[in-house]
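Residue-level listing of the chains:
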Amino acid sequence: MADKAGAGLWAHKLIGTTFGAGYCPVAPGTAGAAVALGVWLVLSAFMPLCDVQVVVTLLTLAFFILGTWSSGVLEGVWGKDPSRVVVDETVGTWIALMAVPTDDWWYAVAAFVLFRFFDIVKPLGVRRMEALGGGFGIMMDDVLAGIYSAAVLVVIGLFV
């Protein structure tokens with residue numbers, strides 16, 4: 001019979017790795033972002049965009065809260081800002097996807113690419129968010145990268 005700490009750690013690993021995407025041996029952050037894109041694409045295939053945006057907003061809020069908690073716990077187990085923790089990339093991608101103006105798949109792919117760009121390059125204060133420390137710091141750099149990506153998508157939407 002598993003003890004309560006083991007069961008809790010298992011749940012944190014499930015959330016922190018975005019259901020195992022963080023265990024991807026190559027580019028785990030991209031794998032976590034790809035899960036977010038996949039969820040958005042599946043939802044958009046079956047729902048109107050306005051409903052997709054509501055669901056993605058709720059998922060983003062839930063995963064931000066749970067991800068902050070789980071990231072902090074896993075940082076204590078795996079070390080500072082562990083690469084296996086990708087829930088932050090999932091949340092950041094969903095933030096970028098909130099700015100997608102139509103259900104055209106290319107906007108969603110653009111959101112994914114923009115997010116990965118801002119997440120990797122870390123411009124304009126994104127890197128500073130990591131200094132917040134713990135689970136909150138792990139999450140906030142990707143939240144800001146997602147906000148920058150969303151802003152660029154909004155501007156693109158104005159001209160396309």
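Here's what I pulled together on the structure shown here. Note that the structure is a prediction, hence the values are computed from the model and not measured. (Residues numbered from 1 in each chain as written. Predicted model: local features only at pLDDT ≥ 70, side-chain atom pairs only at ≥ 80, totals over all residues. Heavy atoms only, no water.)

**Looking at the overall build of the protein**
Consideration 1: Helix and strand counts for the protein stand at seven helices and zero strands.
Consideration 2: Its helices and strands taken in sequence order, the protein reads α-α-α-α-α-α-α from the N to the C terminus.
Consideration 3: Here the C-alpha radius of gyration of the protein, 15 Å, is about what a compact globule of 160 residues would show, namely 15 Å.
Consideration 4: Expressed as lengths along the three principal axes of its C-alpha atoms, the size of the protein is roughly 55 × 35 × 25 Å.
Consideration 5: Every one of the 160 residues in the protein was classed for burial, and the buried ones make up 46%.
Consideration 6: The contacts in the protein between residues at least 6 apart in sequence include a share of 72% that link residues at least 24 apart.
Consideration 7: Put simply, the protein shows about 8,000 Å² of open surface, and 75% of that area lies on carbon and sulfur atoms. (Helix = DSSP H or I, 4+ residues; strand = E, 2+ residues; numbered from the N terminus. Rg over C-alpha atoms; globule rule 2.2 N^0.38 Å. Buried < 20%, exposed > 50% of the residue type's maximum accessible area, 1.4 Å probe, protein only. Contact = heavy atoms within 4.5 Å. Areas by Shrake-Rupley, 256 points an atom, 1.4 Å probe, with all protein chains shown as cover.)

**Remarks on the environment of valine 121**
Consideration 1: The residue valine 121 is located in helix 5 (residues 105-121) in this model.
Consideration 2: For valine 121 and alanine 34, which are 87 residues apart along the polypeptide, the C-alpha to C-alpha distance reads 18 Å.

**A look at the pattern of salt bridges**
Consideration 1: By the definition in use, this model includes three salt bridges.
Consideration 2: Here aspartate 119 and arginine 116 are joined by a salt bridge, their closest N and O atoms 2.5 Å apart. Placement of the pair is aspartate 119 and arginine 116 together in helix 5, with a separation of three residues, close to one helical turn. Like arginine 116, aspartate 119 is buried. (Salt bridge = Lys/Arg side-chain N within 4 Å of Asp/Glu carboxyl O.)

**Remarks on the packing of helix 2 (residues 28-46) against helix 5**
Consideration 1: Contact geometry of helix 2 with helix 5 gives a least axis separation of 11 Å together with a crossing angle of 160°. On the basis of the axis angle, helix 2 is roughly antiparallel to helix 5. As helix 2 runs across helix 5, the sense of the crossing is right-handed. Every residue of helix 5 that contacts helix 2 at Gly29, Thr30, Ala33, Ala34, Leu37, Trp40 and Leu41 is listed here: Trp105, Ala108, Val109, Phe112, Phe115 and Arg116.
Consideration 2: A class-by-class count of the residues in the contact of helix 2 with helix 5 yields 10 nonpolar, two polar and one charged. (Axes fitted to C-alpha atoms, helices over the stretch in contact; angles between N-to-C directions. Parallel < 35°, antiparallel > 145°, perpendicular 65-115°, else oblique. Left-handed = near helix turned anticlockwise from the far one by under 90°. Nonpolar A, V, L, I, M, F, W, Y, C, P; charged D, E, K, R; others polar.)

**Re the nonpolar core**
Consideration 1: Ranked by size, the top nonpolar core spans 36 residues in total, and within it Trp40, Leu97, Val100 and Leu153 carry the most contacts.
Consideration 2: The set of elements that each furnish at least two residues to this core consists of helix 2, helix 3 (49-78), helix 4 (87-97), helix 5 and helix 7 (134-159).
Consideration 3: Contacts of leucine 153, omitting those with residues within four sequence positions, involve Ala96, Ala99, Val100, Tyr107, Ala110, Ala111 and Leu114. (Core = buried A, V, L, I, M, F, W, Y, C linked by side-chain atoms within 4.5 Å.)

**Quick look at the packing of aromatic side chains**
Consideration 1: Enumeration according to the criterion identifies seven aromatic pairs in this entry.
Consideration 2: Ring centres of phenylalanine 64 and phenylalanine 136 lie 6.3 Å apart, and the angle between their planes is 75°; this geometry places the pair in the edge-to-face category. Of the two residues, phenylalanine 64 is situated in helix 3 and phenylalanine 136 in helix 7; the sequence distance between them amounts to 72 residues.
Consideration 3: Classification of phenylalanine 64 as partly exposed rests on a relative accessible area of 23%.
Consideration 4: Taking the relative accessible area as the measure of exposure, phenylalanine 136 reaches 40% and is therefore partly exposed. (Phe/Tyr/Trp six-rings, centres within 6.5 Å; stacked < 30°, edge-to-face > 60°.)

**Concerning helix 3**
Every α-helical turn comprises 3.6 residues, leaving residues that sit three or four positions apart pointing alike.
Consideration 1: For helix 3, which comprises 30 residues, the first-to-last C-alpha distance of 38 Å sits more than 12% below the rise-based estimate of 44 Å (1.5 Å per residue).
Consideration 2: Along its length, helix 3 shows its largest kink, about 25°, at glycine 67.
Consideration 3: Just beyond helix 3, the residue with positive phi is glycine 79, at close to 100°. (Expected span 1.5 Å × (residues − 1). Bend = angle between axes of the 7 residues up to and from the residue.)

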